[in-house]
Amino acid sequence: MLLTAGAGLVPSGGLLAQEGVERHALEALDDATRSALPSQFPATDATPPPDSGSIIDRTAPDPANTIELLDNKPPLRIGLVAERGASYLQAQIEPFRSYMQDSLSRPVEVIAFNSMTTLMAAHISHQVDYSIYPASIFSMAYASCGCLTPMVAPVSREAPDGVYMVLVVRGASGIKSLADLSGRSMALSSKNGAIPFYMAMNELKKSGLNPERDLASLVGRDNPGDALALLEDGTVDAALVWSTTPYNQSLFTSDGAISAYVQSHNQSRNDRRDEATNPDFLSIWHSPAIPAGPHVIHNEVSKQDRAELINALKDMNKLDPAAYDAVERRYDGGFRSVELKDYEPLIEIATKR
């Protein structure tokens, strides 16, 4: 049996606009976590995890462990965050642990941690071999040590490449390109200090627009819906939000901030018996696609073990859907291989910071 929860384990349901990007693809670190990320932060426990057993709960004092190894292979240690306590998600995660153990023909331990900070400390110091991170948190962890490698990331069937930051204007505004935004105003769906904010600024600068220099004003909002509301009522001239599509013809129907905003406002209009219509939004720019948060291995794990892990994870959704659902409840398309270059826009920002 198994006692843990994971960074990739989230409430069931569709791709909610804010949670989808903030918790999976572009989740920003809070101040406490961010301050702990540089490589000098201490590990949570100087004592390595026990070499036997499949249940380790690092959210509580270590109990005596007397379970024997399944065979002579050392256990694969998977570290995850137990958001609601290790025992709460025991039944949910067990199909995943069991599948990995059978596929790899070696013992698999899942080690529960009570915070992302302590998990990253343990992973960087190689107290655990493997973990799952939101994309921006992985970029910060990688920037602090360079000792981690992404293996796979979950995908949705609708957006196999990941999510995009899209710059939206009102169609009637006459704004057709980034150059037309000079002297205008923009709303962002994240605030200064958040990874999405810095990534958006960096990508726009690469495309020829320096928001801090070229815009009349730059407004940060807590969520994409607020940024889009400012755009629709004319308070700002553009809004930078996220979407699973970079294409205008799909903005209102594909999962993302714009479709969620339209759905919410059309519901309000229905409640008032008003006619439901789409706002006059047009995308004039989009960022590179950013994959969802990766499954990550420590670089000291052998290349052969890494290859076996990747194969097992990529086959999981087909061979054992229950195992896949146990560890990934948001994205329905299985896992695909990812590399460091897939996260370069985020790593570049994390490294600069």
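Scroll up for the structure.
Here goes a summary of the coordinates provided. (Residues numbered from 1 in each chain as written. Predicted model: local features only at pLDDT ≥ 70, side-chain atom pairs only at ≥ 80, totals over all residues. Heavy atoms only, no water.)

Below, the discussion takes up the pairing of strand β5 (residues 148-154). Most of β5 sits inside the fold, with seven of its seven residues counted as buried. Pairing geometry for β5 and strand β11 (residues 295-298), over four bridges, is antiparallel. In the sheet register, V152 faces β11, and the bridge partner there is H295. The sheet contact formed by β5 and strand β12 (residues 335-337) spans three bridges and is antiparallel. Counterpart to V152 in the pairing with β12 is S337. (Buried < 20%, exposed > 50% of the residue type's maximum accessible area, 1.4 Å probe, protein only. Helix = DSSP H or I, 4+ residues; strand = E, 2+ residues; numbered from the N terminus. Pairing = 2+ DSSP bridges.)

Right, let's get into the packing of aromatic side chains. The relation between two aromatic rings is expressed through the spacing of the ring centres and the mutual angle of the planes. Taken as a whole and assessed by the stated rule, the structure comprises four aromatic pairs. Ring geometry for F138 against Y142: centres 6.1 Å apart, planes inclined by 40°, an arrangement best described as tilted. You can see F138 and its partner Y142 sitting in helix α5 (residues 135-145), four residues apart, about one turn around the helix. For F138, a relative accessible area of 0% puts it in the buried group. Aromatic rings pair up to connect F138, Y142 and Y343 into one cluster. (Phe/Tyr/Trp six-rings, centres within 6.5 Å; stacked < 30°, edge-to-face > 60°.)

Let us look at the packing of helix α3 (residues 90-104) against helix α10 (residues 303-319). At their nearest, the axes of α3 and α10 sit 10 Å apart, and the two run at 125° to each other. Taken together, α3 and α10 sit at an angle that is classed as oblique. Here α3 and α10 pass one another in a crossing that is right-handed. From α3, F96, Y99, M100, S103 and L104 reach across to α10, where they touch E308, L309, A312, L313, D315, M316 and L319. In terms of residue class, the contact of α3 with α10 is built from nine nonpolar, one polar and two charged. (Axes fitted to C-alpha atoms, helices over the stretch in contact; angles between N-to-C directions. Parallel < 35°, antiparallel > 145°, perpendicular 65-115°, else oblique. Left-handed = near helix turned anticlockwise from the far one by under 90°. Contact = heavy atoms within 4.5 Å. Nonpolar A, V, L, I, M, F, W, Y, C, P; charged D, E, K, R; others polar.)

At a closest axis distance of 8 Å, the pairing of α5 and helix α12 (residues 344-352) adopts a crossing angle of 50°. In this view, α5 runs oblique relative to α12, as classed from their interaxial angle. The way α5 lies across α12 gives a crossing that is right-handed. Judged by residue contacts, A135, S136, F138, S139, M140, Y142 and A143 of α5 engage L346, I347, A350 and T351 from α12. The class makeup of the residues in the contact of α5 with α12 is eight nonpolar, three polar and no charged.

Structural measurements only, silent on function.
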